[in-house]
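Below, each chain spelled out in residue letters.
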Amino acid sequence: MAKEFYDVVVVGGGNAALCAALAANEAGASVVVLERAPEAESGGNSRYTSGSLRFSYNSVDNLRAVLRDLSDAEIETMDFGTYPVEDFFDDMFRVTNYRTDPLLCEQLVTRSYDTAVWLASKGIRFIPRLAHAFQSEGRFKMSPGVVAEAIGGGEGLVARETEIAIKNGVTVRYSARVLSLNFDGHAVRGVRVKTGATISDIDAGAVVLACGGFEANLEWRTRYLGPQWDLVKVRGTRFNTGDGLRMALEIGAAPFGNWGGCHAVGWDSNAPEFGDLIVGTGYQKHSYPLGIMVNAEGRRFVDEGADLRHLTYAKYGHVILKQPGQFAWQIFDSKTISLLREDYRIKQVTKVKADTLDELARKLEGVNPNGFLDEVRRFNNAIQTDLPFSPAVRDGRATTGLDIPKSNWALKLDQPPFEAYQVGCGITFTFGGLRVEATTAQVIDLDLGAMPGLYAAGEMVGGIFCFNYPGGTGLTSGSVFGRIAGGAAAREALGGRAQQRAFA
Ligand SMILES: Cc1cc2nc3c(=O)[nH]c(=O)nc-3n(C[C@H](O)[C@H](O)[C@H](O)COP(=O)(O)OP(=O)(O)OC[C@H]3O[C@@H](n4cnc5c(N)ncnc54)[C@H](O)[C@@H]3O)c2cc1C
């Protein structure tokens, strides 16, 4: 049987892969998408998301090109703020401690808006992200930068991207696990793929790797992230086991970025081993800025109000993992219970409720009750009450005199009923990846030379995130670098084909 040939082979079936496929297709290349998961579980971590992505904009008029269905009457009820590129840069620099690679970060930030517009122009429909907006003065106040989400969330995003790709002639194969890259010592010429029980080779003008990090590989987690990372729950797909990273490193690609780091959050203690597409993001518990978190000793261990939720949540999973027993309880009283996100209302929740703090202390499984009561007393006494509580902005309502302060949204826990939610650590994705050239996403080898025929996108790109992550940037990174990689791979493949024809 003759070997198959595509101009561009895309490995993976999530957002980065599908953006690469759309861009390569747009550039005139023949494209096949090889997705390891069966169709029912396809779409990678992208499918588990809320479909929200971070991008810069200077005005509501900018947003109209992304939020195309928005009416003037609706706009009147919403406060989107603005998010100029400078603010996006600031957030990236701050959360990564200035360790984000400047060239990659520049592409991410400066191409975020036009990539969101590109997705909308392809047929992805976005709506305002109202679910997590706070009502203020009769308007929905949104978190600037993360104001749009795809209709149907991550599930809708992936389904629509796939539909558009197929409609435009891209071939999509499920249960197709790429095992290795076919490399002739100079260039990548294709892939070896296992489809069901059959192993075959597909030749290609170029290959885009967009097959995720190693978050679902327990052994690699322990090896690179460290002890205890074998114990965490995986928030998303079970298929991101580092295959793409391994096969690229095997042929000399350079690793890059924070291989010891990852995105990890507070995640229901009783969540399953891997993500559950029905519950989706429901196991996350992201309203901790409205209350306190205590460990087995009953002690607070982190500044719950250090910054806006979307700038702290991705690093607090690590902190929870370091606590005795690797768990924490989040505590709220009736003043904030009505403000808790929808994640707190799912059926599969580890929760206790009490009418007094003493009763709550007895119900917090694994927690020293006296330590807890003592901690709440100290916390309540340390709150400055002269500033109003305002959950939509950094309100500066802080504690004084505590070893671990609460810098914003500090409210006494004194009004029953009390509710508590137990969380452990849930890993989202790993930060370490491959070194790529920023403007083409072409993979770089250990001699720092570009590798002909090989590109990478999404979680596989190392060097963008370090220590922490601003919410909504994973999909943006996948879209920006997927689009870049797909376009560049197509140019290389079609250029090569034209050359071959000229020599024939
Ligand atoms: C619960 C959850 C919620 C999140 N919420 C958000 C959010 O709201 N906004 C946001 O920006 N980010 C969010 N993220 C992060 C975001 O999902 C990722 O950063 C982003 O989707 C990664 O895209 P990707 O295409 O690189 O990887 P993925 O979407 O994970 O795709 C990787 C693909 O590669 C496939 N694959 C793996 N190995 C192989 C192989 N050998 N051969 C072929 N295919 C292979 C997998 O099956 C998968 O389809 C969330 C993540 C999780 C888990």
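Reading the values: rules and limits
- Residues numbered from 1 in each chain as written.
- Predicted model: local features only at pLDDT ≥ 70, side-chain atom pairs only at ≥ 80, totals over all residues.
- Heavy atoms only, no water.
- Helix = DSSP H or I, 4+ residues; strand = E, 2+ residues; numbered from the N terminus.
- Phe/Tyr/Trp six-rings, centres within 6.5 Å; stacked < 30°, edge-to-face > 60°.
- Buried < 20%, exposed > 50% of the residue type's maximum accessible area, 1.4 Å probe, protein only.
- Near = heavy atom within 4 Å.
- Polar contact = N/O pair within 3.5 Å; in protein donor to acceptor, adjacent residues only side chain to side chain.
- Areas by Shrake-Rupley, 256 points an atom, 1.4 Å probe, with all protein chains shown as cover.
- Pairing = 2+ DSSP bridges.
- Contact = heavy atoms within 4.5 Å.
- Domains from an automatic or database assignment.
- Buried area = accessible area lost by both parts, 1.4 Å probe.
- Salt bridge = Lys/Arg side-chain N within 4 Å of Asp/Glu carboxyl O.

Draft legend 1. Layout of unusual backbone geometry. The step from Pro416 to Pro417 runs through a cis peptide bond, and the omega angle for that step is 0°. With respect to the helices and strands, the residue Pro417 is situated in the loop between helix H13 (369-381) and strand S19 (418-430). You will see that Asn97, though not glycine, has its phi angle at about 55°, which is positive. Locating Asn97 in the fold gives a position in the loop between helix H4 (85-95) and helix H5 (102-110). Backbone geometry at Ser175 places phi at a positive 50°, although glycine is not the residue there.

Draft legend 2. Quick look at the packing of aromatic side chains. Taken as a whole and judged by the stated rule, the model has 21 aromatic pairs. Ring centres 5.6 Å apart and planes at 70° place the aromatic pair Phe429 and Phe431 in the edge-to-face group. Each member of the pair, Phe429 as well as Phe431, carries the same accessibility label: buried. Centroid distance Phe465 to Tyr469: 4.9 Å. Interplanar angle 65°. Geometry classified as edge-to-face. By the ring-pair criterion, three or more aromatic residues cluster together here, those being Phe214, Trp220, Tyr224 and Trp259.

Draft legend 3. A look at the site of the ligand. Taken together, 39 residues lie near the ligand, and Glu35, Asn45, Ser46, Asn240 and Leu475 sit nearest. Between the ligand and Gly474 there is a distance of 3.2 Å, counted from an oxygen atom to a backbone nitrogen or oxygen. In this structure, an oxygen atom belonging to the ligand sits 2.7 Å away from a main-chain N or O atom of Leu475. Taken by itself the ligand offers 1,000 Å² of open surface, and the protein chains cover 97% of this. Mapped onto the shell around the ligand, the elements with two or more residues apiece are helix H1 (15-26), strand S10 (176-183), S19 and helix H14 (473-503).

Draft legend 4. Region of interest: the environment of Gly401. Mapped onto the elements, Gly401 comes out in the loop between H13 and S19. For the pair Gly401 and Asn381, spaced 20 residues apart in sequence, the C-alpha separation works out to 9.7 Å.

Draft legend 5. Geometry of the sheet that holds strand S3 (residues 52-53). If you walk across this open sheet you meet the 3 strands as S3-S8-S5, and the pairing is antiparallel. The open sheet is flanked by S3 and strand S5 (126-128), the only strands paired with a single partner.

Draft legend 6. Just the side chain of Ser42, in detail. Secondary-structure assignment places Ser42 in the loop between strand S2 (31-34) and S3. Side-chain polar atoms of Ser42 contact the backbone oxygen of Glu39, separated by 2.8 Å. With near-sequence residues (within four places) excluded, Ser42 lies in contact with Glu35, Ala37, Arg47 and Tyr174.

Draft legend 7. Geometry of the side chain of Thr96. By the element assignment, Thr96 lies in the loop between H4 and H5. A polar atom in the side chain of Thr96 sits 3.3 Å from the backbone nitrogen of Thr100. Sequence-distant contacts of Thr96, defined by excluding residues within four places in its chain, comprise Ile464, Phe465, Cys466, Phe467 and Asn468.

Draft legend 8. Looking closely at the domain arrangement of the protein chain. By domain assignment, the protein chain separates into domain 1 (4-261 + 431-503) and domain 2 (264-426). Using C-alpha coordinates to define each centre, domain 1 is positioned 32 Å away from domain 2. Across the boundary between the two partners, domain 1 contributes 28 residues, which contact 34 residues of domain 2. Where domain 1 abuts domain 2, roughly 2,700 Å² becomes buried across the two surfaces, and 59% of that area is made up of carbon and sulfur atoms. Looking only at domain 1, the three residues that lose the most surface to domain 2 are Tyr48, Lys233 and Arg235, adding up to 28% of its buried area. Between Arg94 and Asp307 there is a salt bridge, with its nearest N and O atoms 3.5 Å apart. The interface formed by domain 1 and domain 2 includes 11 residue pairs in polar contact (both at pLDDT 80 or more). Elements represented by at least two residues in the side of domain 1 that touches domain 2 include exactly H4 and strand S13 (233-234). With 3 residues, H4 is the single largest residue contributor to the side of domain 1 that touches domain 2.

Draft legend 9. Quick peek at the sheet that holds strand S4 (residues 78-79). Strand order in the open sheet made by the 3 strands is S4-S7-S6, with mixed pairing throughout. Here the strands that pair on one side only, and so sit at the sheet edges, are S4 and strand S6 (134-136). Examined bridge by bridge, S4 and strand S7 (residues 139-141) share 2 bridges and lie parallel to one another. Across the sheet, the residue bridging to Asp79 is Lys141, located in S7.

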